[in-house]
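Coordinate analysis (summary)
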Amino acid sequence: MGLANRIGAVALAVACAVLLLGVACRAGQTSEYRRLLGQAIDMPLDADVFRAPPGHNAPQQVHITQGDHEGTAMIIPWVTTVEPGSSTVLYGTSEDNLNYSAKGKHSQYTFYKYTSGYIHHCTIKKLKFDTKYYYAVGTEETLRKFWFRTPPKSGPDVPYTFGLIGDLGQSFDSNVTLAHYESNSEAQAVLFVGDLTYADNYPYHDNTRWDTWARFVERNLAYQPWIWTAGNHEIDFAPELGETKPFKPYSSRYHTPYKSSGSTAPYWYSIKRASAYIIVLASYSAYGKYTPQYKWLESEFPKVNRSETPWLIVLMHAPWYNSYNYHYMEGESMRVMYEPWFVKYKVDLVFAGHVHAYERTHRISNVAYNIINGLCSPIPDQSAPVYITIGDGGNQEGLATNMSEPQPSYSAFREASFGHAILDIKNRTHAYYAWHRNQDGAAVAADALWFTNRYWMPTDDSFNDA
Ligand SMILES: *[C@@H]1O[C@H](CO)[C@@H](O)[C@H](O)[C@H]1NC(C)=O
Ligand SMILES: *[C@@H]1O[C@H](CO)[C@@H](O)[C@H](O)[C@H]1NC(C)=O
Ligand SMILES: *[C@@H]1O[C@H](CO)[C@@H](O)[C@H](O)[C@H]1NC(C)=O
Ligand SMILES: *[C@@H]1O[C@H](CO)[C@@H](O)[C@H](O)[C@H]1NC(C)=O
Ligand SMILES: *[C@@H]1O[C@H](CO)[C@@H](O)[C@H](O)[C@H]1NC(C)=O
Ligand SMILES: [Fe+2]
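First, a word on scope: everything that follows refers to the structure included in this document.

What counts, and at which threshold
Counting restarts for each chain: residues are numbered from 1 in the order of the written sequence. Chains and ligands are labelled sequentially in the order written, the chains with letters from A and the ligands with numbers from 1. Local features in this predicted model are restricted to residues whose pLDDT is 70 or higher, and side-chain atom pairs enter the listing and the counts only when it is 80 or higher, whereas totals over whole chains, interfaces and linings include all residues. Hydrogens and waters are ignored; side-chain quantities use all the structure's heavy atoms. Only DSSP runs of H or I reaching four residues or more are called helices, and only runs of E reaching two or more are called strands; each is numbered from the N terminus. Here the globule rule reads 2.2 Å times residues to the power 0.38, and the radius of gyration is calculated from C-alpha atoms. Only the protein chains shown count as covering a residue, and every accessible area follows the Shrake-Rupley method with a 1.4 Å probe. We count Lys and Arg on the positive side and Asp and Glu on the negative side, and we leave His and both chain ends out. For this purpose, a charge sits on NZ of Lys, CZ of Arg, CG of Asp or CD of Glu. Being near a molecule or strand, for a residue, comes down to having at least one heavy atom within 4 Å of it. Here a polar contact means two N or O atoms within 3.5 Å. Within protein one must be a hydrogen donor candidate and the other an acceptor candidate, and residues neighboring in sequence count only if both atoms are side-chain atoms. Ten residue types, Ala, Val, Leu, Ile, Met, Phe, Trp, Tyr, Cys and Pro, are classed as nonpolar, four, Asp, Glu, Lys and Arg, as charged, and the remainder, Gly among them, as polar. As a rule, N, O and S atoms within 2.8 Å of a metal are its donors, except that Na, K and Ca use 3.2 Å; water is not among the atoms, so sites may look incomplete. In this scheme the shape depends on donor count and angles: four donors with every angle between 85 and 135 degrees give tetrahedral, four or six donors with opposite pairs above 155 degrees and others between 65 and 115 give square planar or octahedral in turn, and any other case is irregular. When accessible area is computed with a 1.4 Å probe and restricted to protein chains, residues below 20% of their type maximum are described as buried, those above 50% as exposed, and intermediate ones as partly exposed. Centres within 6.5 Å make a pair out of two Phe, Tyr or Trp rings, where for Trp the six-membered ring is used; the pair is then stacked when the planes are under 30 degrees apart, edge-to-face when over 60, and tilted otherwise. Geometrically, a charge over a ring is one whose NZ (Lys) or CZ (Arg) sits within 6 Å of the ring centre while staying within 35 degrees of the ring normal. Salt bridges, as used here, are contacts in which a Lys or Arg side-chain nitrogen is within 4 Å of a carboxyl oxygen on Asp or Glu. Here a patch means residues that are over 30% exposed by relative accessible area and free of salt bridges, tied together within 9 Å if like-charged and within 5 Å if nonpolar (Val, Leu, Ile, Met, Phe, Trp, Tyr). In this text, buried Ala, Val, Leu, Ile, Met, Phe, Trp, Tyr and Cys residues form a nonpolar core when linked through side-chain atoms within 4.5 Å. When checking whether two residues touch, look at their non-hydrogen atoms; a contact exists if any pair is within 4.5 Å. By definition, two strands form a pair when at least two bridges between them are found by DSSP. Whenever a helix is involved, its axis is fitted only over the stretch in contact; in every case the axis is a line through C-alpha atoms, and angles between N-to-C directions fall within 0 to 180 degrees. If the strands point away from the viewer and the path from the first strand over the helix to the second runs clockwise, then the crossover is right-handed.

**Quick look at the overall build of the protein chain**
Scanning the protein chain from N- to C-terminus turns up seven helices and 26 strands. Expected size for 466 residues packed as a compact globule is a radius of gyration near 23 Å; at 22 Å, the protein chain falls within 12% of this value. If you line up the protein chain on its principal axes, its C-alpha atoms span 75 × 45 × 45 Å. Surface summary for the protein chain: the accessible area is close to 18500 Å², and the carbon and sulfur share equals 56%. The positive charge centre, built from 39 side chains, and the negative charge centre, built from 45, are 6 Å apart in the protein chain.

Structural data, given as structure tokens:
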């Protein structure tokens, strides 16, 4: 907390103590912190982080994601550029004995005048829980080795730490966000809320920027699975270029384990990871009644067993609750469709991106309205999730600084700075959450609190400034 925030919080606490009015205490906080506003500039093509690894046809752009519903498989993609080479992954639990192998596949795609390299995807399965695996891709000439750790078997009190990053892009600020995340934490996987590369902001959606982005993030992604959510910058719908298949570059490069949760498309799916159940929704795929996503989600919620995975977390790209004057109400129609389920099934936390800033709400819902009764305002609701917008990864579009005034009562904290967050699940009742702005040292948390679980301990937690 900055000094100004601290004084603000103390003043607020005093006011509450004096007035003893719960209502007065609900006032939110708009951080006084101001970062030096400058444009976020993309790193040039010759930046150090974009360098291809040395060696003939060396595998590059290695990035992993969970490969099944339970956490015992890993999807391992990479790219070769000169010739296809091998699609096989060698792996094992001992660094110098990679005595298992799995065969993958490779493919290429074109986008306008761009032709991709050979994109390999290999899923390694039947892994043991909570185990460090070493793996290698490439051929003997240029073999590259990495490692990852599988999650512990799901269980109600299994601790696990997630990183949260959104709208990352490939600017100098993006690089600071990633470095800050890396230096910060014990996090073991990232929940990514969409908008990866911003390649579509370049002329002809220059797809070489998909390659540079994947080389940039490899330093983390080859070792930690990132759980993917599709954002609007993944759509790449460009009829003027003859490109009419939505999500072509994204879906060619970033696979998800959607089939293992009964989904019929890679953009909405679910996974279990330790004590968390993660549902990924698609803001840019049909979600209305009777659509595949609607029917999937309808049957998905009843499957969540809170005795096994107490923490129910939803990821999406366009936020439902957002008090910035950017993308205002873009998430509204999906909110209208799905919010009653979120309350009924007691979702703990919802993370979204899209707005390039940070915001956290109180626990509120807005499900009473029926077009004639006038009940159209969000109300405090202890069965409702906390909504967090974390689209502040640092992409080239810069920060969203224009906020609606006064701050709506549902908004607990908001600040226009780049950053990332850490969600540290301790057990079935408690999780420590902290948002870190890029300008601060690793240990400083600009917004931090303890969340209590909606199923096991539904106490009023969104005021507990930690
Ligand atoms: C990106 O960040 C890394 C880690 O801090 C640093 O080594 C590298 O030089 C940075 N690159 C650019 C282009 O800022
Ligand atoms: C692979 O090596 C490990 C020891 O590193 C051993 O436990 C395992 O049984 C071996 N598996 C196979 C299929 O050779
Ligand atoms: C829910 O999970 C618990 C703990 O793993 C298990 O004992 C129970 O049988 C599960 N319930 C259902 C309905 O599957
Ligand atoms: C902020 O957004 C509001 C609402 O869209 C607009 O009226 C206002 O001009 C904006 N202010 C600035 C400084 O851009
Ligand atoms: C859960 O974790 C919290 C925070 O570390 C701790 O205070 C609480 O005692 C733990 N609960 C149990 C049942 O261990
Ligand atoms: Fe977006």
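**A word on the site of ligand 1**
Around ligand 1, the neighbouring residues are M43, D48, V49, F172, N175 and A179. With respect to ligand 1, the side chain of N175 contributes an N or O atom lying 2.4 Å from an oxygen atom. Compared with its free state, where it exposes 360 Å², ligand 1 has 55% of that area covered by protein. Across the shell around ligand 1, the residue classes break down as four nonpolar, one polar and one charged.

**A word on the site of ligand 3**
Around ligand 3 sit N305, S307 and E308, and those are all the residues in its vicinity. Within the side chain of N305, an N or O atom sits 2.3 Å from an oxygen atom of ligand 3. For ligand 3, the accessible surface in isolation is 360 Å², of which the surrounding protein chains cover 26%.

**Considering the coordination of the iron ion (ligand 6)**
Ligation of the iron ion (ligand 6) by protein atoms is provided by D195 (OD), N232 (OD1), H317 (NE2) and H354 (ND1), these donors lying 2.1 to 2.3 Å from the ion. Coordination at the iron ion (ligand 6) is irregular: its four donor atoms span angles of 85 to 172 degrees at the metal. Sequence positions of the residues that donate to the iron ion (ligand 6) give the spacing D-x36-N-x84-H-x36-H. Of this pair, D195 sits in the loop between β13 (189-192) and α4 (208-221) while H317 sits in the loop between β17 (311-315) and α7 (332-344); the two residues are 122 residues apart in sequence, bridging distant segments of the chain. The two residues D195 and H317 agree in class, both being buried.

**Some points on the packing of aromatic side chains**
Taken as a whole and assessed by the stated rule, the structure comprises 39 aromatic pairs. Both rings, one in Y321 and one in Y410, keep their centres 5.2 Å apart while their planes meet at 65 degrees; by these two values the pair is edge-to-face. Pair noted here: Y321 is in the loop between β17 and α7 and Y410 is in the loop between β22 (386-390) and β23 (411-415), with a separation of 89 residues, a long-range link. The exposure class of Y321 is buried, given its relative accessible area of 5%. Ring-pair connections join several aromatic residues into one group, and the members of that group are Y287, Y294, F301, W320, Y321, Y338, W341, F342, Y345, Y387 and Y410. The aromatic ring of W456 is capped on one face by R428, whose charged end is 4.6 Å from the ring centroid.

**Focus: the pattern of salt bridges**
Applying the stated criterion across every chain, the model contains 18 salt bridges. The salt bridge partner of E182 is R219, with a shortest N-O separation of 2.9 Å. With a gap of 37 residues between them, E182 in helix α3 (residues 172-184) and R219 in helix α4 connect regions that are remote in the sequence. Here E182 falls in the partly exposed class, since its relative accessible area comes to 31%.

**A few points about a nonpolar patch on the surface**
On the surface, a cluster of nonpolar side chains totalling about 400 Å² of accessible area is made up of Y369, I371 and I372. Of note, Y369 is situated in the loop between β20 (364-365) and β21 (379-380). Given a relative accessible area of 44%, Y369 falls into the partly exposed group.

**Structural notes on the nonpolar core**
By size, the foremost hydrophobic cluster in this structure holds 88 residues, and its most contacted members are W228, L281, Y338, F342, F351, L423 and Y433. In terms of residue count, the dominant contributor to this core is α4 (six residues). Once you skip the residues sitting within four places of it in the chain, Y338 turns out to touch L281, Y287, Q293, Y294, L297 and W320. M74, W78, V137 and F146 belong to the second largest nonpolar core, which has 17 residues in total.

**As for the sheet that holds strand β16 (residues 276-280)**
The strands making up a sheet are joined through hydrogen bonds of the backbone, oriented either antiparallel or parallel. As summarised here, the arrangement of the eight strands in space is β1-β23-β19-β22-β18-β17-β16-β15, forming an open sheet in which the pairing is mixed. Looking at strand neighbours, the two that pair on one side only are β1 (29-30) and β15 (269-273), the edges of this open sheet. Strand direction decides the pairing type here: strand β19 (residues 358-361) and β23, joined by four bridges, are antiparallel. If you follow E359 over to β23, its bridge partner there is R414. Across the face of the sheet, helix α6 (residues 292-300) comes into contact with β15 and β16 while running at roughly 165 degrees to β16.

**Quick look at the environment of I379**
Summarising the element assignment, I379 is placed in strand β21. Its relative accessible area of 47% is what places I379 among the partly exposed residues. For the pair I379 and A368, spaced eleven residues apart in sequence, the C-alpha separation works out to 9.5 Å. Beyond its immediate chain neighbours, meaning those up to four positions away, I379 contacts R363, I364 and S365.

**Looking at the pairing of β13**
A two-sided burial pattern is seen for β13, the buried positions comprising A189 and L191 on one face and V190 and F192 on the other. Relative to β13, strand β12 (residues 160-165) runs parallel, the two sharing four bridges. If you follow F162 over to β13, its bridge partner there is A189. In this region the chain leaves β12, passes through α3 and returns to the parallel neighbour β13; the handedness of that crossover is right-handed. Where β13 lies against strand β14 (residues 226-227), two bridges are found, and the strand directions are parallel.

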